[in-house]
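# A look at the structure
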Amino acid sequence: MARKSMHGEWSSRWAFVLAATGSAVGLGNIWKFPYITGENGGGAFVLVYLACIIVIGIPVMMAEIMLGRRGRQSPINTMHDLAVESGHNPNWKWLGWLGVLAGFLILSYYSVIAGWSLAYVFRSASGAFTGATADGVESLFLERFLAHPETLLFWHTLFMAMTMIIVARGVKSGLESAVKFLMPTLFLLLLVMVGYAMSQGEAFTQGLEFMFRPNFSALTWGGVLTAMGQAFFTLSLGMGAIMVYGSYLSHTASISRTTFAIAAADTSVALLAGIAIFPIIFANNMEPSAGPGLIFISLPLAFGHMPGGVLFGSLFFVLLSFAAWTSSISLLEPVVTWLVETFSLRRITATLYAGILTWLLGVVSVFSFNDWAFEFEFAGVLKENGVFDILDILTTNIMLPLGGLFIAIFAAWFMSREASRDELGLGDSMRYNLWRFLVKFVTPAAILLVFLNMLGII
């Protein structure tokens, strides 16, 4: 007999696509993807990233949704029950723990960055960047913003409160209602920004060439690792979010078609964000490899010297905030579902506990940009923001790929062929056999190859 989720169910396949796309579309697409593309040479990195989405991301997402729908619980309890159902060790529940913990850690620092985007909506709308010099915009960000933990703490707190309010309302009243409004608005705002970028003349062509003309000499193995980590990060894989969202999916919905729709929408947003941002950067003779400061220093400076810059700068940071919000609710949801299932808590109580704990850890990231900052080197790159950078590297480059690796291993090697065939609804077709081959051999091999290279073994 098919299990039912005690937390509710999406009203339709479309609602799930919106929710899962909202989970996938976030700061990783609009804040992180453009600057890491810039740091890794543009077009060659984009090609590797797209290959990672197709060969690793889509098969793993199908597996994660499949496990979630079959288990119908939090990732921890889902992995426990599916392991027992398959006649294997219940300690597979630790894979669920890995995902939930990764999502929890990501949200703690993600909320801090999302708070920046909220703050910059108001800064841009007030005309703070109009006519500002490069030194002025940089000083505004580094000395009058990042250097003040109390300011960062306010915006981190506000963003976490926004996230908790949505999650506390439940699947249909909270998550589904929010994404039905936020996602169409996000896509509309993004298209407006692309239209604005198209008005930049030659710089628009320059931006397209930078993104889509491969320069493999600028791509390193570190860049390949970054591309793989970004594929996991941007699709919300290995962090429990997609698994728990899959647990609310109707048994009649097609997992394969749904996954392709989510991956296509998510990748489109990442590419459109680059198409919107790089022409503005080139039009103002700025460097596309400006790192995290690309969004909070380079773009505000550009908007400050453009016609309509106050309006379009404000719209851009509203877009960034919306994208962060749809992702953050999916990162908090796995912890909340586990607390409800394990301790029979009311959803609002579980949300308060999970949200406050996440907020507390986020305080450490707040201070990583000022009072508690320290430098270290990772993969030949100097990192300056202490615990924040450690959490980013730990989750994006290690925990998420590891989670994806073990999801693929469980789905292909431990779950019975009959069970996965039944859940995916593909029969013994070529599509099913291709999926099974990818998650059984190609995905694990690709992840292990990059890990071994990162550790200096190959």
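What comes next concerns the included structure.

Conventions and cut-offs
Residues numbered from 1 in each chain as written. Predicted model: local features only at pLDDT ≥ 70, side-chain atom pairs only at ≥ 80, totals over all residues. Heavy atoms only, no water. Helix = DSSP H or I, 4+ residues; strand = E, 2+ residues; numbered from the N terminus. Rg over C-alpha atoms; globule rule 2.2 N^0.38 Å. Buried < 20%, exposed > 50% of the residue type's maximum accessible area, 1.4 Å probe, protein only. Core = buried A, V, L, I, M, F, W, Y, C linked by side-chain atoms within 4.5 Å. Contact = heavy atoms within 4.5 Å. Phe/Tyr/Trp six-rings, centres within 6.5 Å; stacked < 30°, edge-to-face > 60°. Salt bridge = Lys/Arg side-chain N within 4 Å of Asp/Glu carboxyl O. Polar contact = N/O pair within 3.5 Å; in protein donor to acceptor, adjacent residues only side chain to side chain.

A tally of helices and strands in the chain yields 18 helices and two strands. Taking 2.2 N^0.38 as the reference for a compact globule, 458 residues should give roughly 23 Å; the C-alpha atoms of the chain span a radius of gyration of 21 Å, in line with that estimate. Structurally, the chain occupies a C-alpha span of about 65 × 50 × 40 Å along its principal axes. Taken over 458 residues, the chain has a buried fraction of 60%.

Within the largest apolar cluster, 171 residues are counted, with the highest numbers of intra-cluster contacts made by Trp-10, Trp-116, Phe-296 and Phe-316. If we ignore the near neighbours within four places in the chain, the residues touching Phe-296 are Trp-31, Ile-113, Trp-116, Ser-117, Tyr-120, Val-137, Phe-141, Phe-317 and Leu-320.

For the rest of this paragraph, the subject is helix H13 (residues 293-303). Structural remark: α-helix, 3.6 residues per turn; residues separated by three or four positions point the same way. Most of H13 sits out of view: eleven of its eleven residues are buried. Listed as buried for H13 are Gly-293, Leu-294, Ile-295, Phe-296, Ile-297, Ser-298, Leu-299, Pro-300, Leu-301, Ala-302 and Phe-303. Close packing links the buried residues of H13 with helix H2 (27-39), helix H5 (93-125), helix H6 (134-146), helix H8 (171-198), helix H12 (255-283) and helix H14 (309-343).

The next thing to look at is the packing of aromatic side chains. A complete count under the given rule lists 39 aromatic pairs for this structure. Aromatic pair Trp-116 and Phe-141: ring centres 5.4 Å apart, planes at 80°, arrangement edge-to-face. Of this pair, Trp-116 sits in helix H5 while Phe-141 sits in helix H6, and the two are 25 residues apart along the sequence. The same class applies to Trp-116 and to Phe-141, which are both buried. Pairing Trp-116 with Phe-145 gives two aromatic rings, centres 6.5 Å apart and planes at 75°, and the pair type is edge-to-face.

Turning our attention to the pattern of salt bridges. Inspection of every chain in the model, using the stated rule, returns nine salt bridges. In this structure, Arg-347 and Glu-333 form a salt bridge, with 2.7 Å as the shortest nitrogen-oxygen distance. Taken together, the positions of Arg-347 in helix H15 (residues 347-368) and Glu-333 in helix H14 put the pair 14 residues apart, joining distant regions of the chain. Overall, the relative accessible area of 0% leaves Glu-333 in the buried class. Through salt bridges with shared partners, a single network forms among Arg-3, Arg-69, Arg-70, Glu-85, Asp-422 and Glu-423.

A separate point is the side chain of Thr-267. As for its position among the elements, Thr-267 is in helix H12. Within polar-contact distance, the side chain of Thr-267 engages the backbone oxygen of Ala-263 at 2.8 Å. With sequence-adjacent residues up to four places away left out, Thr-267 is seen in contact with Tyr-49, Leu-50 and Ile-53.

With that out of the way, let us pick up unusual backbone geometry. The phi angle at Arg-72 is positive, at roughly 60°, despite the residue not being glycine. Structurally, the position occupied by Arg-72 is in the loop between helix H3 (43-71) and helix H4 (75-85). The exposure class of Arg-72 is buried, given its relative accessible area of 6%. Positioned with a positive phi, Ser-344 is a non-glycine residue whose angle comes to about 55°. If you trace the backbone, Ser-344 turns up in the loop between H14 and H15.

The subject of this paragraph is the environment of Leu-219. For Leu-219, the location among the structural elements is in the loop between helix H9 (202-212) and helix H10 (221-234). The exposure class of Leu-219 is buried, given its relative accessible area of 17%. Placed 174 residues apart in sequence, Leu-219 and Phe-45 show a C-alpha to C-alpha distance of 6.5 Å.

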